[in-house]
Amino acid sequence: MPNIKIFSGSSHRELSHKIADRLGMELGKVVTKKFSNQETCVEIGESVRGEDVYIVQSGCGEINDNLMELLIMINACKIASASRVTAVIPCFPYARQDKKDKGFFDIPVDNLYAEPAVLKWIKENIAEWKTCTIVSPDAGGAKRVTSIADRLNVDFALIHKERKRANEVDRMVLVGDVTDRVAILVDDMADTCGTICHAADKLISAGATKVYAILTHGIFSGPAISRINNACFEAVVVTNTIPQEEKMKTCPKIQVIDISMILAEAIRRTHNGESVSYLFSHVPFTSAMLQKEGEMDGWMLTDYRSVEAADGRTAHNNGQNSIKHLENSLDLFDTIPPIPLQSLPRAHPPQLRCHQPPVLQVFYYFGHLILSV
């Protein structure tokens with residue numbers, strides 16, 4: 001099997017570093033710059049011949065430049081004889097526009113979702129989640145909201161909106177009941193935040209006690225930050241598919257869900273030829289989760305994980321099976337999730353390799369796998 005190499009584009013280097021750290025690797029050497037006429041230049045600083053290459057580039061910031069940079073990096077790796085080139089795109093560019101051919105590719109596509117990470121955040125951070133109402137700010141998100149509401153076993157509502165033009169809402173009508181309940185707005189992305197801020201006002205006027213907004217992609221352009229600061233949100237939660245550090249300094253309501261472990265696990269599974277379908281409903285384990293779930297007396301695993309021994313034997317743990325005689329030390333927790341790419345070193349054989357679930361969107365682009373949340 002070829003070795004794995006991870007390179008970062010210039011759009012979101014911090015996320016790329018987190019992904020590499022989760023894999024126990026260093027980012028590959030790459031230099032990106034512009035010529036005096038503003039053409040993009042990419043120089044790969046190490047050999048990729050015969051390697052399994054992953055390029056992390058998000059659709060944010062200077063979107064057109066970053067997209068071209070990604071394509072040039074893919075081409076550079078392919079002509080340098082990389083065995084396979086995979087583009088990891090946390091935020092897929094141009095996905096928000098309505099086009100006749102949107103969603104159609106001449107290559108296989110697997111759609112994965114950030115829903116499991118959202119469910120985990122709700123349960124851990126909203127005390128009243130069992131009596132909350134999940135709300136879609138438009139009819140197009142009804143399927144997304146009903147899925148989350150079903151998994152939480154709570155009610156859902158939606159807001160019907162009529163637009164005068166793009167980014168400008170004319171009228172909103174609430175369909176559902178939020179009286180004396182916590183309302184959680186869920187959407188795929190927020191740009192200028194006019195819609196979700198109007199929706200929050202509508203929910204408060206309809207009797208909601210608190211309003212949260214959970215968004216996959218926080219674009220936050222134009223007057224978005226000032227609108228959020230002046231709105232009645234308890235918190236606006238986004239994933240880190242787009243850098244949010246600077247915006248968080250001026251808007252304390254913004255909170256971030258880290259998805260680096262999801263992307264890292266997807267890379268590991270793709271590299272090893274494993275299924276990613278488990279990620280449709282589960283979040284990869286973290287050290288804290290393992291410490292919470294693992295009982296060190298005999299090391300009972302109480303959640304969905306499978307552990308494969310070095311000799312090929314596999315034990316599937318559904319809260320019933322246990323792994324006996326594993327080192328009685330929490331030090332191992334920091335080395336198990338979510339990788340390694342090869343078997344973990346142990347004091348006594350057999351060696352163990354852990355298999356865990358991921359969450360994202362998988363595209364194949366010009367024959368190259370593209371992952372995006």
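Residues numbered from 1 in each chain as written. Predicted model: local features only at pLDDT ≥ 70, side-chain atom pairs only at ≥ 80, totals over all residues. Heavy atoms only, no water.

Points about the overall build of the protein chain
- Within the protein chain, the regular secondary structure consists of 9 helices and 17 strands.
- The long-range fraction of contacts in the protein chain, counting pairs at least 24 apart against all pairs at least 6 apart in sequence, stands at 64%. (Helix = DSSP H or I, 4+ residues; strand = E, 2+ residues; numbered from the N terminus. Contact = heavy atoms within 4.5 Å.)

A look at the confidence of the model for the protein chain
- Per-residue confidence for the protein chain averages 77 on the pLDDT scale, and 69% of its residues sit at or above 70.
- Between residues 290-373, whose pLDDT stays under 50, and residues either more than four places distant or in other chains, the model counts 233 contacts. (pLDDT = per-residue confidence, 0-100.)

Here's the deal with helix H8 (residues 260-272)
- Along its 13 residues, H8 runs 18 Å from first to last C-alpha, staying within 8% of the 18 Å computed at 1.5 Å per residue.
- Taken across its 13 residues, H8 has 13 buried, putting it largely inside the fold.
- The first or second residue beyond H8 is Gly273, which carries a positive phi of 70°. (Expected span 1.5 Å × (residues − 1). Buried < 20%, exposed > 50% of the residue type's maximum accessible area, 1.4 Å probe, protein only.)

Comments concerning the packing of aromatic side chains
- The full count for this structure, using the stated rule, is 1 aromatic pair.
- Consider the rings of Trp121 and Tyr212, whose centres lie 6.3 Å apart with planes at 65°: the pair is edge-to-face. With Trp121 in helix H3 (residues 115-125) and Tyr212 in strand S10 (residues 210-218), this residue pair connects regions lying 91 residues apart in the sequence.
- Under the relative-accessibility criterion, Trp121 is labelled buried at 10%.
- Owing to a relative accessible area of 9%, Tyr212 belongs among the buried residues under this scheme. (Phe/Tyr/Trp six-rings, centres within 6.5 Å; stacked < 30°, edge-to-face > 60°.)

Description of the environment of Val85
- Examined against the element boundaries, Val85 turns out to sit in strand S5 (residues 84-88).
- Take Val85: its relative accessible area is 0%, and that puts it in the buried class.
- As a C-alpha pair, Val85 and Ile74 span 11 residues in sequence and 6.5 Å in three-dimensional space.

A closer look at the side chain of Glu69
- For Glu69, the location among the structural elements is in helix H2 (residues 63-79).
- At 5.7 Å, Arg13 is the nearest oppositely charged side chain to Glu69, a buried residue that forms no salt bridge.
- At 2.8 Å, the side chain of Glu69 and the side chain of Gln57 are in polar contact.
- Excluding its chain neighbours within four sequence positions, the residues that come into contact with Glu69 are Gly9, Ser10, Thr32, Thr40, Val42 and Gln57. (Lys, Arg positive; Asp, Glu negative; His and termini not counted. Salt bridge = Lys/Arg side-chain N within 4 Å of Asp/Glu carboxyl O. Polar contact = N/O pair within 3.5 Å; in protein donor to acceptor, adjacent residues only side chain to side chain.)

Digging into H3
- Taken together, the buried positions of H3 are occupied by Glu115, Pro116, Ala117, Val118, Leu119, Trp121 and Ile122.
- Contact partners of the buried residues in H3: helix H4 (142-152), strand S9 (182-190), S10, strand S11 (235-239), strand S12 (254-257) and H8.

Description of the pattern of salt bridges
- Scanning all chains against the criterion turns up 15 salt bridges.
- The residue Glu46 makes a salt bridge to Lys5 at a minimum N-O spacing of 2.8 Å. Highlighted residues: Glu46 in the loop between strand S3 (40-44) and strand S4 (52-56) and Lys5 in strand S1 (residues 4-8), separated in sequence by 41 residues.
- Close ionic contact of Asp155 with Arg181 constitutes a salt bridge, the shortest N to O distance being 2.6 Å. Here Asp155 is found in strand S7 (residues 155-165), whereas its partner Arg181 is found in the loop between strand S8 (168-175) and S9, with 26 residues between them in sequence.
- Look at the salt bridges and you will find they share partners, linking Glu265, Arg268, Arg269 and Glu274 into a network.

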